[in-house]
Amino acid sequence: MPPLLLNPSRLIHFLPFTKPYFSSSFSSHLTCLCRPIKTLRFISSRLPMDTAPVMLPVKEHIELSEKEDKIFTRLLDVVHHFGLETQLRVAGGWVRDKLLGKECYDIDIALDNMLGRDFCEKVNEYLKSVGEQQQGIGVIQCNPDQSKHLETAKMRIYDTWIDFVNLRSETYAENSRIPTMKFGTAAEDAYRRDLTINSLFYNISNSLIEDLTGRGVKDLKSGLIVTPLPPKATFMDDPLRVLRAIRFGARFGFVLDEELKEAASDEEVRSALGNKISKERIGHEVDLMMSDKQPPKAMAWICDLKLFFVVFACPESPRPHVDEHCDRLCISHIEAAWVLLQAIGTAPFTEDQRRLYLYSSLLLPLRSTIYMDKKSKEAPVAGYIIRESLKLKASDADTVVNLHNACKKFVELFLLLESDEIPEDIRADLEDEFLEIPCTSIKRVFAGLLLRQLKDFWRVALMTSTLLDPALDPTNDSSDRSEGLNRRKEMFLRAESAITQLGLDGVWKTKPLLDGKGIMGVLQLKSGGPTIGQWQHRLIKWQLAYPNATTEDCIDWIKHSQAKRQKLDINA
């Protein structure tokens, strides 16, 4: 369907409003919804990423919950029962979060003289000795090629999954990037951690916090993201730590250390991230960012550190060519999307809808970019990035692509809802030789068909489509951006209200009055085929146009339409 061209002065009719939804350039913008990315310009007006850190209150001592106390007491009972000389420490994120006064259910136990699986077996021996049910043990093997250097064991204790891993020290042979792992001291292990704020230990035996790098608590109080060792060495040990640094910096509002940023954008580190780390691990980190407190900030850091096309890798030979500044354009879209989401409120959206809304907004500048897949068929680049570069679910990729495809339809719907006239393009799209849709029902039919495709994601698509308004230009000053936000919010709320007033929320749950066999019976056909599919689609349009019709009305309409068509064929 060619893009709609409509005089913007005719846009606002069904609710009073002082100015049109769209900027005066909106009509011309509709003609270039699929314009190649290279024609779009971007000049960053974002705040620099070195804004002042958020200063969070940090506790001096860790207060255990009742369940945590039971778990740790049980672990100490195992040590004492077998006379083990093992020191048990809680490592990393749990210590950090407890010091920040946050609840954390991710407990990692570090062991100083035995493997995790060996200790788990001791736990089961203890459970058997006291007449309690033994627990299953899961083991995640080490994989040095993917920078997974430690074997991790897991088991449930008081209905909580606990990870067990040994403290480590590493040495590298000459000309080898794969370390030789051996049992290490707590201090050696702390310095091998990704960040100082994650290098803290809580010693279960004496209930003390151990800050063995000497700066974990200080950096937590100061709001700094720093590596215990020189950052390039830390990142080359496991390049995924670059993304972890970004994730925690964005989550807590902390500042990235200057030396860390320099190392993160180093060509060797970027190459190692792209080639050494599995796409699944990268995708998992990005997914955590998207589900966290400040996804735009995390994405902006990925862009500023020159990691965007490493993380969101495009396939070979995309068409049109992806411009080198496309990453900045993607960031401007997710930032605008985030501000809009906060203005509208997250209540109408599930966590999954919010997450996929952010992915679709981030990749919106690539909505018209395609590549040739393995079957030599044209496929959207956005779907490739979700499915292949991040290794997320195929359904996530399909949803993002569907949201992109729906954006143009929603732009047309914005215009349709605001117009007293029905554009010819929409008339032609709905035209059917067996069905005449009353002019008063065209809005309901057009919107209803769109919502039946998107189902629960229609509000997500509606919100995403508002980002196509060129008024939200990242080169605008703050007052213009504020006006653009208000316009987008009004666009969304008005369209949402109109759709709801048309009785279409949940329309995808409406069942056809006749199934395929019923249609065959009315048409007196002995077999199905494409004709039945056409009639099923036609029936949905008819039901949208006549929402109060009965099955008998439906049968009469089909018979009448068929008879009318047969008469025309005879006359012809």
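Look a little higher up for the structure.
Residues numbered from 1 in each chain as written. Predicted model: local features only at pLDDT ≥ 70, side-chain atom pairs only at ≥ 80, totals over all residues. Heavy atoms only, no water.

**Student:** Describe in detail the packing of helix α2 (residues 66-82) against helix α4 (residues 116-129), supporting the description with residues and values.
**Tutor:** Between α2 and α4, the shortest axis-to-axis distance is 10 Å and the interhelical angle comes to 85°. Overall, the two elements α2 and α4 adopt an arrangement that is roughly perpendicular. Of the residues in α4, those touching α2 at R74, L75, D77, V78, V79, H81 and F82 are F119, K122, V123, E125, Y126, L127 and S129. Here the contact of α2 with α4 is built from residues that sort into eight nonpolar, two polar and four charged. (Axes fitted to C-alpha atoms, helices over the stretch in contact; angles between N-to-C directions. Helix = DSSP H or I, 4+ residues; strand = E, 2+ residues; numbered from the N terminus. Parallel < 35°, antiparallel > 145°, perpendicular 65-115°, else oblique. Contact = heavy atoms within 4.5 Å. Nonpolar A, V, L, I, M, F, W, Y, C, P; charged D, E, K, R; others polar.)

**Student:** Any details on the packing of aromatic side chains? Residues and values, ideally.
**Tutor:** Across all of its chains, the model carries 13 aromatic pairs by this definition. Aromatic side chains F434 and W535 sit 5.0 Å apart centroid to centroid with 55° between the ring planes, which places their arrangement in the tilted category. Linking F434 in the loop between α18 (424-430) and α19 (442-454) with W535 in helix α23 (residues 530-545), this pair joins segments that are 101 residues apart in sequence. In this structure, F434 and W535 share a single accessibility class: buried. Aromatic side chains W535 and W557 sit 5.6 Å apart centroid to centroid with 65° between the ring planes, which places their arrangement in the edge-to-face category. (Phe/Tyr/Trp six-rings, centres within 6.5 Å; stacked < 30°, edge-to-face > 60°. Buried < 20%, exposed > 50% of the residue type's maximum accessible area, 1.4 Å probe, protein only.)

**Student:** How would you sum up the pattern of salt bridges? Please name residues and give values.
**Tutor:** For the coordinates displayed, the defined rule picks out 38 salt bridges. Notably, a salt bridge pairs K261 with E258, separated by 2.8 Å at the nearest N-O pair. Of this pair, K261 and E258 both sit in helix α9 (residues 258-264), separated by three residues, roughly a single helical turn. Between E412 and K408 there is a salt bridge; the shortest N-O distance is 3.4 Å. Residue E412 and its partner K408 are located together in helix α17 (residues 394-418), separated by four residues, close to a single helical turn. Taking the relative accessible area as the measure of exposure, E412 reaches 3% and is therefore buried. (Salt bridge = Lys/Arg side-chain N within 4 Å of Asp/Glu carboxyl O.)

**Student:** Lay out helix α22 (residues 516-523) with the relevant residues and their values.
**Tutor:** Within the span of α22, buried status applies to G516, I519, M520, V522 and L523. The arc enclosing the buried residues of α22, seen along the axis, measures out at 165°, which places them on a common side. Between the side-chain oxygen at the start of α22 and the backbone nitrogen of K517 there is a gap of 3.3 Å, and the oxygen is on D515. (Arc of directions from axis to C-beta. Polar contact = N/O pair within 3.5 Å; in protein donor to acceptor, adjacent residues only side chain to side chain.)

**Student:** Quick one: what's the story with the pairing of strand β2 (residues 107-111), residue by residue and with numbers?
**Tutor:** Most of β2 sits inside the fold, with four of its five residues counted as buried. Pairing of strand β1 (residues 88-91) with β2, which is carried by three bridges, proceeds in the antiparallel orientation. Looking at the pairing, L88 lines up with L111 of β2. Across five bridges, the pairing between β2 and strand β5 (residues 160-166) is parallel. Residue I107 lies in a different strand from β5, and its bridge partner there is I162. (Pairing = 2+ DSSP bridges.)

**Student:** Outline the environment of G274, supporting the account with residue identities and numerical values.
**Tutor:** Within the secondary structure, G274 sits in helix α10 (residues 267-276). Note on G274: relative accessible area 22%, which makes it partly exposed. Non-local contacts of G274, meaning those with residues more than four positions away in its chain, are made with K279 and V310.

**Student:** Just give me the short version of unusual backbone geometry, but keep the residues and values in it.
**Tutor:** Geometrically, the link from R319 to P320 is a cis peptide bond, its omega value of -5° lying close to zero. Counting through the fold element by element, P320 comes out in the loop between α13 (308-311) and α14 (326-344). Phi angles above zero are rare outside glycine, and Y158 is one such case at about 50°.

**Student:** Explain the environment of G184 to me, and be specific about the residues and the numbers.
**Tutor:** Mapped onto the elements of the fold, G184 is located in the loop between β7 (180-183) and α5 (186-191). Along the primary structure G184 and L111 are separated by 73 residues, whereas in three dimensions their C-alpha atoms are 9.6 Å apart. With sequence-adjacent residues up to four places away left out, G184 is seen in contact with D112, L167, R168 and S169.

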